[in-house]
Amino acid sequence: MQAWVIGNWKQNPATSHDVKALLDDLLTAVSTKEQPDIAGCQLMVAPSFIHLTAVSERLEGSSILSAAQDISAHSASTGAYTGDCSAQQVADAGAAWTILGHSERRQYHQESHDCLLNKMTHALMQNLGVVFCIGETQAQYDAKKTLVVIDTQLAVIKDLLAQKPELIAGLSERLIVAYEPVWAIGTGKVPTVAEVSATHQHIKQTLASFNDALENMTVLYGGSVNADNADSFAVDSMIDGALVGGASLKAESFLAIAQAFSRATA
Ligand code: 13P
């Protein structure tokens, strides 16, 4: 199975100049490094909206895909929604995918079940793939509520299938789940590989229980993944790749993570 290594750039870099420098580094490394090094990996980066068109144009013809970090819940196309970007606009800007439900969106923008159901529907209707983020807080982890929390978050997918059964065709190629414990994001703290593996197994089983077409879905781990710990996650058969924040802002560390996952798929 092909591994996915996705860089979520969040609200970085600060300037177009720095975006260009990061892309230069990435593209140079991808073209000069022996392709077999990362051949087992699909790479993708998610810049902020303001940089999405330039990044997508720059990546056209390369092996790296681009994604948005979010889309509007209110309309799939156009409307009076100040500050929003729609799925159609994002696709038109050249993105093939969008991240949805990141814990920072849930925390700072109060994204709810219904909001995320709308966003997922809009994305898929506009032929965008979705990287759907789920994960528990530190308090929920301490209370051993991880699987309960995850089941509640995955119910968005269950409801999507109930409301739009026509979207099931090809969904296994257009939906990726990223398990990101909130307490592991940007903290340097990580769950054990065994914990991540067991949680991913639960996620895969839950998705398969929604519909036979969702058997063996791609599930990524995210939260303080770096060049030093990537190998340990990559060798686990339940971990199909990584959603990377901080370490995706340097080509060197991002590609080292890709190499780790590529080695593991070989
Ligand atoms: P860090 O890799 O910086 O912990 O961020 C993870 C993340 O939130 C990716 O979406």
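Notes on the structure in this doc start here. These figures come from a predicted structure and were not determined experimentally.

**Concerning the pairing of strand β7 (residues 219–222)**
Point 1. Residues Val-219 and Tyr-221 line one face of β7 and the alternating positions Leu-220 and Gly-222 line the opposite face, and both faces are buried.
Point 2. The pairing of strand β6 (residues 175–179) with β7 spans 3 bridges and is parallel. Looking across to β7, one finds that Ala-178 is bridged to Leu-220.
Point 3. Read from β6 through helix α9 (residues 193–210) to β7, the crossover connection turns out right-handed.

**Thoughts on the sheet that holds strand β4 (residues 97–100)**
Point 1. Spatially, β1-β2-β3-β4-β5-β6-β7-β8 is the arrangement adopted by the 8 strands of the closed barrel, whose pairing is parallel. Adjacent strand axes in the sheet meet at a mean angle of 25° when their direction is disregarded.
Point 2. Its contacts with the sheet put helix α2 (residues 49–59) on β2 (41–46) and β3 (64–68), and the angle it makes with β3 is roughly 165°.

**Looking at the packing of helix α7 (residues 146–163) against α9**
Point 1. At a minimum axis separation of 10 Å, α7 and α9 run at an interaxial angle of 30°. For the element pair α7 / α9, the angle class is roughly parallel. Judged by the twist between their axes, the crossing of α7 over α9 is right-handed. Contacts between α7 and α9 involve Thr-146, Leu-147, Ile-150, Asp-151, Leu-154, Ile-157, Lys-158 and Leu-161 from the first element and Thr-199, His-202, Ile-203, Thr-206, Leu-207 and Phe-210 from the second.
Point 2. Taken together, the residues of the contact of α7 with α9 break down into 8 nonpolar, 4 polar and 2 charged.

**Here we look at the site of the ligand**
Point 1. By nearness alone, 13 residues border the ligand, and Lys-10, His-102, Glu-180, Gly-186 and Ser-224 come closest of all.
Point 2. Contact distances for the ligand include 2.9 Å between an oxygen atom and a side-chain N or O atom of Glu-180.
Point 3. In this structure, Gly-245 approaches the ligand through a main-chain N or O atom, which is 2.9 Å from an oxygen atom.
Point 4. Surface burial for the ligand is 94%, taken as the share of its 310 Å² of free accessible area covered by protein chains.
Point 5. Counted by class, the shell around the ligand contains 4 nonpolar, 7 polar and 2 charged residues.

**A closer look at α2**
Point 1. Those residues of α2 that fall on the buried side of the exposure criterion are His-51, Leu-52, Val-55, Ser-56 and Leu-59. Considered in projection along α2, the buried side chains sweep an arc of 135° and stay on one side of the axis. Seen from the open side of α2, the exposed residues pointing more than 90 degrees away from its buried face are Ile-50 and Glu-57.
Point 2. Where α2 terminates, the next one or two residues include Gly-61, which has phi positive at roughly 85°.

How each quantity is defined
Residues numbered from 1 in each chain as written. Predicted model: local features only at pLDDT ≥ 70, side-chain atom pairs only at ≥ 80, totals over all residues. Heavy atoms only, no water. Buried < 20%, exposed > 50% of the residue type's maximum accessible area, 1.4 Å probe, protein only. Helix = DSSP H or I, 4+ residues; strand = E, 2+ residues; numbered from the N terminus. Pairing = 2+ DSSP bridges. Right-handed = clockwise from strand over helix to strand, strands pointing away. Axes fitted to C-alpha atoms, helices over the stretch in contact; angles between N-to-C directions. Contact = heavy atoms within 4.5 Å. Parallel < 35°, antiparallel > 145°, perpendicular 65-115°, else oblique. Left-handed = near helix turned anticlockwise from the far one by under 90°. Nonpolar A, V, L, I, M, F, W, Y, C, P; charged D, E, K, R; others polar. Near = heavy atom within 4 Å. Polar contact = N/O pair within 3.5 Å; in protein donor to acceptor, adjacent residues only side chain to side chain. Areas by Shrake-Rupley, 256 points an atom, 1.4 Å probe, with all protein chains shown as cover. Arc of directions from axis to C-beta.

On their own, these measurements won't tell you what the molecule is for.
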